[in-house]
Amino acid sequence: MKLYGFSASNYYNAVKHLLLAKGLSFEEVKVYPNQSEEYLKIHPLGKVPALETPKGIIVETDVLMRYIDQKGGESFFPSDDFERAKCEEIMKMAEIYLELPARRLSGEVLLGLPRCESAFKEARPLMQKGLRALDVLCSCDPYLMGAKMTAADILLRYVLVIAKMNAFKVYDWKLLADYPKLKAWETKMAMNEVSQKVDADAKAALPELMAHFNSKK
Ligand SMILES: N[C@@H](CCC(=O)N[C@@H](CS)C(=O)NCC(=O)O)C(=O)O
């Protein structure tokens with residue numbers, strides 16, 4: 001399998017984390033989001049990540065995670081149907097109600113664009129609601145769903161990378177300060193061997209990403 005994207009992308013890293021955790025072999029193909037005719041054949045929206053499989057290409061992070069999970073190795077989705085739905089519920093909540101409002105601040109944070117006043121006004125209350133919902137749904141004892149790490153732990157970890165950075169840079173808001181349960185879980189996840197590998201790759205990829213952004217200004 002080939003994973004298209006770049007190591008500082010949080011969506012890419014959620015998929016990469018799962019591939020590494022499952023011990024599956026894959027090739028990383030570095031590409032930044034773009035609208036070239038060539039790349040639109042890989043990802044119809046020009047986003048990352050995309051996964052090339054023997055049967056063709058798949059996009060959308062949560063879909064990739066479900067696909068990859070079925071490819072052997074330890075499973076990161078619960079086998080019980082109800083528990084599996086609860087895991088997917090956390091994943092969906094994390095993306096829709098935390099990641100997406102937080103991303104509205106990324107123009108200002110990552111690209112240095114002038115503040116978008118509607119995003120500034122609207123993102124924080126939405127993120128608060130999303131975070132509160134996740135806090136209710138997740139046991140964090142020690143993982144989000146209890147004893148075993150699931151795909152929800154992996155996805156939320158990388159959602160928080162953007163949410164925390166944007167909250168701090170735009171609002172001077174320490175996102176998890178009022179959520180000690182999630183904070184302790186986050187610290188535990190950061191100690192995981194795969195997290196450390198993904199984070200090290202992300203850190204190493206940052207200078208090139210910043211140069212890429214600057215070249216677009
Ligand atoms: N819903 C998509 C979102 C992927 C996404 O937004 N990726 C970012 C990089 S972290 C991207 O490609 N942004 C460029 C763009 O939106 O055009 C997924 O789950 O994979």
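That block above? That's the structure.
Residues numbered from 1 in each chain as written. Predicted model: local features only at pLDDT ≥ 70, side-chain atom pairs only at ≥ 80, totals over all residues. Heavy atoms only, no water.

### Re the packing of helix α8 (residues 180-191) against helix α9 (residues 193-216)
So, point 1. Running from amino to carboxyl end, α8 crosses α9 at an angle of 80 degrees, the nearest separation of the two axes being 5 Å. As the angle between them shows, α8 and α9 are arranged roughly perpendicular. For the pair α8 and α9, the contacting residues are M189, A190 and M191 in the first and E193, S195 and Q196 in the second.
So, point 2. Residue composition of the contact of α8 with α9, grouped by class: 3 nonpolar, 2 polar and 1 charged. (Axes fitted to C-alpha atoms, helices over the stretch in contact; angles between N-to-C directions. Helix = DSSP H or I, 4+ residues; strand = E, 2+ residues; numbered from the N terminus. Parallel < 35°, antiparallel > 145°, perpendicular 65-115°, else oblique. Contact = heavy atoms within 4.5 Å. Nonpolar A, V, L, I, M, F, W, Y, C, P; charged D, E, K, R; others polar.)

### Observations regarding the packing of aromatic side chains
So, point 1. Tallied over the entire structure, the rule returns 3 aromatic pairs.
So, point 2. Taken together, the ring pairs connect F120, Y171 and W173 into an aromatic cluster.
So, point 3. In this arrangement the basic side chain of R124 is found over the ring face of Y171, its NZ or CZ atom lying 5.5 Å from the centre.
So, point 4. Sitting over the face of the ring of F76, K148 holds its NZ or CZ atom 4.9 Å from the ring centroid. (Phe/Tyr/Trp six-rings, centres within 6.5 Å; stacked < 30°, edge-to-face > 60°. Lys NZ or Arg CZ within 6 Å of the ring centre and 35° of its normal.)

### Considerations on the pairing of strand β1 (residues 2-5)
So, point 1. Across 4 bridges, β1 lies against strand β2 (residues 27-30) in parallel orientation. Within the sheet, the bridge partner assigned to K2 lies in β2 and is E27.
So, point 2. Note that the unit made of β1, helix α1 (residues 10-22) and β2 has a crossover that is right-handed.
So, point 3. Pairing of β1 with strand β3 (residues 50-53), which is carried by 3 bridges, proceeds in the antiparallel orientation. Paired with K2 across the bridge in β3 is E52. (Pairing = 2+ DSSP bridges. Right-handed = clockwise from strand over helix to strand, strands pointing away.)

### Overview of the site of the ligand
So, point 1. Near the ligand, the surroundings consist of S9, N10, Y11, P33, K47, V48, P49, E60, T61, E95 and R103.
So, point 2. Between the ligand and K47, the relevant distance is 2.7 Å, taken from an oxygen atom to a side-chain nitrogen or oxygen of the residue. (Near = heavy atom within 4 Å. Polar contact = N/O pair within 3.5 Å; in protein donor to acceptor, adjacent residues only side chain to side chain.)

### Here we look at a nonpolar patch on the surface
So, point 1. Together, I96, Y97 and L100 make up an exposed nonpolar region whose accessible area comes to about 260 Å².
So, point 2. Along the polypeptide, I96 turns up in helix α4 (residues 81-103).
So, point 3. Residue I96 is classed as partly exposed on the basis of its relative accessible area, which comes to 32%. (Patch = residues over 30% accessible without salt bridge, like charges linked within 9 Å, V, L, I, M, F, W, Y side chains within 5 Å. Areas by Shrake-Rupley, 256 points an atom, 1.4 Å probe, with all protein chains shown as cover. Salt bridge = Lys/Arg side-chain N within 4 Å of Asp/Glu carboxyl O. Buried < 20%, exposed > 50% of the residue type's maximum accessible area, 1.4 Å probe, protein only.)

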